[in-house]
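Coordinate analysis (summary)
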Amino acid sequence: MMKRLSTIICSLLVTTLCSFVTAQSPYIDKVYDFLPAPGQFVNELPEYEPGDTRDDLIRKAEEAIAHNEQGLISLGGYGGYVVFGFDHLVENQPGKYDFKILGNAFYAASNPNGNATREGGSCEPGIVMVSYDANGNGLPDDEWYELAGSEYYQPETIHHYEITYYKPDENKIPAPDKNYPFLNDTTYIQWTSNQGDYGYVSRNVYHSQSYYPQWITDETLVFEGTKLANNYVDESGTGSYYVQYAYDWGYADNHPNTDKRSGFSIEWAVDGDGNPVQLPGIHFVKVYTGVNQYCGWLGETSTEILGAEDLHLTGGDVDVPTNPPTNPPTNLEGFENLPGFNGSFNGSVRLLQNPVRQQLIIVSVQSQQTNVYNLIGNKVMSFPIESGTNHIPCNLSKGLYILATENYKIKFLKQ
Ligand SMILES: [Ca+2]
Ligand SMILES: [Ca+2]
Ligand SMILES: [Ca+2]
């Protein structure tokens, strides 16, 4: 009887262990959403077929990148995104890369200017966000957190950027580029942003299909997020050789897949105000194209995704080399002696929209005095802020400044 009982227990254990093991795939299990911004690969990667719905395209994206298929999907121009998930909690292990995202980034074999010290080639950085299934329903309907990569605190990085693309009239009279015959319509798809800039996604002779997602009937497409500074240089000076330089760390499709910097650590997570957040792990990932740039004959820069994997299951969970900061840098190049600065950042104040145009938009949890200093340490503005969102007119000349309260300090760029 004992033997029989232990056999039953053993087989139960084996069954349980087996189901436990088979339930944990290191790779993407499911794609939950997919919406590329307009671009030359839209409706091709994956392919739109007449009659396809949004669900069909989500399924096609899943067939391409889930289960280690390593097909390729293109997220199009700035803001285009994919949301995917794992079948288990990807653990946040301290000091370790936790998961990896596969793109198609590569470094150029040659650079006409011999700028060998910078890694560059085809690097199309995508912003990565993560989510923990807090309500346990298996769906990505919980809080999202951005992974603050190397550029997060750079003054050129714009947070809360919002772009609107306008559905094109496919039969409009094209406006070809006189100098670049491969651009056959330079006013094809118009876009505007909440920063006051605007432009067009051009059409080129290499891709003749519509660049606007055909399964979307809306007249406009709106995307919101963090926008990185342009990362390309026309190294030829004549538009024939563009190099997109890699950002340091923390972005998808930014370093080759063989580079450990295509890995991500969940410890980099911040909330919408930039406050660091410690998560036990994550179930869901969102990636969106993080630059809004156009490189001549290369077209718009678009992040591509081939897959993702849990590095704790594939054995690639090496140490994060330099323990990058998840807080704003505390060594602000000599400005730590500014009056009232105690060297810590408690997140009670945030500067929205950096670069600054006509006004400083400051969110604060308390009323307090606020000062602005120029780069030689002179106080150039001083004003009180209230609890809540403050709109402070700013007519400073163009340049870099420091905004400082008692316990918060940030560099900003006045445009
Ligand atoms: Ca959920
Ligand atoms: Ca980690
Ligand atoms: Ca790419």
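Residues numbered from 1 in each chain as written. Chains lettered and ligands numbered in written order. Predicted model: local features only at pLDDT ≥ 70, side-chain atom pairs only at ≥ 80, totals over all residues. Heavy atoms only, no water.

**Digging into the coordination of the calcium ion (ligand 3)**
- Looking at the calcium ion (ligand 3), the protein donor atoms are Asn104 (OD1), Glu124 (OE), Asp253 (OD), Asp253 (OD) and Glu304 (OE), and they sit 2.3 to 3.1 Å from it.
- Of note, the calcium ion (ligand 3) draws all its donor residues from one chain, in the sequence arrangement N-x19-E-x128-D-x50-E. Residue Glu124 is found in the loop between strand E6 (120–122) and strand E7 (126–131), and its partner Glu304 is found in strand E18 (residues 304–305); the two are separated by 180 residues along the sequence.
- Classification of Glu124 by relative accessible area gives buried; the value is 9%. (Donors = N, O, S within 2.8 Å, 3.2 Å for Na, K, Ca; no water. Helix = DSSP H or I, 4+ residues; strand = E, 2+ residues; numbered from the N terminus. Buried < 20%, exposed > 50% of the residue type's maximum accessible area, 1.4 Å probe, protein only.)

**Digging into a nonpolar patch on the surface**
- On the surface, Val205, Tyr206, Trp297 and Leu298 cluster together into a nonpolar patch covering about 370 Å² of accessible area.
- Within the secondary structure, Val205 sits in the loop between strand E11 (198–204) and strand E12 (220–227). (Patch = residues over 30% accessible without salt bridge, like charges linked within 9 Å, V, L, I, M, F, W, Y side chains within 5 Å. Areas by Shrake-Rupley, 256 points an atom, 1.4 Å probe, with all protein chains shown as cover. Salt bridge = Lys/Arg side-chain N within 4 Å of Asp/Glu carboxyl O.)

**Re the sheet that holds strand E13 (residues 232–234)**
- Ordered in space as E5-E6-E14-E13, the four strands form an open sheet in which the pairing is antiparallel. For this open sheet the edge positions go to strand E5 (106–107) and E13, each flanked by a neighbour on one side alone.
- Pairing of E6 with strand E14 (residues 242–245) involves two bridges; the strand directions are antiparallel. When the sheet's bridge partners are listed, Gly121 is paired in E14 with Gln244. (Pairing = 2+ DSSP bridges.)

**As for the side chain of Thr303**
- As for its position among the elements, Thr303 is in the loop between strand E17 (281–289) and E18.
- In this structure Thr303 comes out as buried when scored by relative accessible area, which is 0%.
- There is a polar contact of 3.3 Å between the side chain of Thr303 and the backbone oxygen of Pro125. (Polar contact = N/O pair within 3.5 Å; in protein donor to acceptor, adjacent residues only side chain to side chain.)

**As for the nonpolar core**
- One finds Val82, Phe84, Phe99, Ile101, Tyr165 and Val287 to be the most contacted residues of the largest nonpolar core, which totals 63 residues.
- Counting 17 residues, the second largest nonpolar core, distinct from the first, contains Val349, Ile362, Ile392 and Phe412. (Core = buried A, V, L, I, M, F, W, Y, C linked by side-chain atoms within 4.5 Å.)

**Observations regarding helix H2 (residues 54–65)**
- An ideal rise of 1.5 Å per residue puts 16 Å on twelve residues; H2 measures up with 17 Å between its terminal C-alpha atoms.
- One or two positions beyond H2, positive phi appears at His67, with a value near 55 degrees. (Expected span 1.5 Å × (residues − 1).)

**Here's the deal with the sheet that holds strand E10 (residues 183–193)**
- Pairing is antiparallel in the open sheet, where four strands are placed in the order E11-E10-E9-E12. Looking along the sheet, the strands with just one partner apiece sit at the ends: E11 and E12. Put simply, the sheet's adjacent strands are angled 35 degrees from each other on average, direction ignored. (Axes fitted to C-alpha atoms, helices over the stretch in contact; angles between N-to-C directions.)

**Some thoughts on the confidence of the model for the protein**
- Averaged over all residues, the pLDDT of the protein equals 86, while 85% of them reach at least 70.
- Per-residue pLDDT stays below 50 along residues 325–347; that stretch engages in 42 contacts with residues further than four places along the chain or on separate chains. (pLDDT = per-residue confidence, 0-100. Contact = heavy atoms within 4.5 Å.)

**Some points on the coordination of the calcium ion (ligand 2)**
- Protein-derived coordination of the calcium ion (ligand 2) comes from Asn92 (OD1), Gln93 (O), Lys96 (O), Asp98 (OD), Asp98 (OD), Ser265 (OG) and Glu267 (OE), at a distance range of 2.4 to 3.0 Å.
- Sequence positions of the donors to the calcium ion (ligand 2) reduce to the motif N-Q-x2-K-x1-D-x166-S-x1-E. Of the two residues, Gln93 sits in the loop between strand E3 (81–91) and strand E4 (99–102) while Ser265 sits in the loop between strand E15 (263–264) and strand E16 (269–270), which places them 172 residues apart along the sequence.
- A residue is classified by how much of its surface remains accessible, and Ser265, at 1% relative accessible area, is buried.

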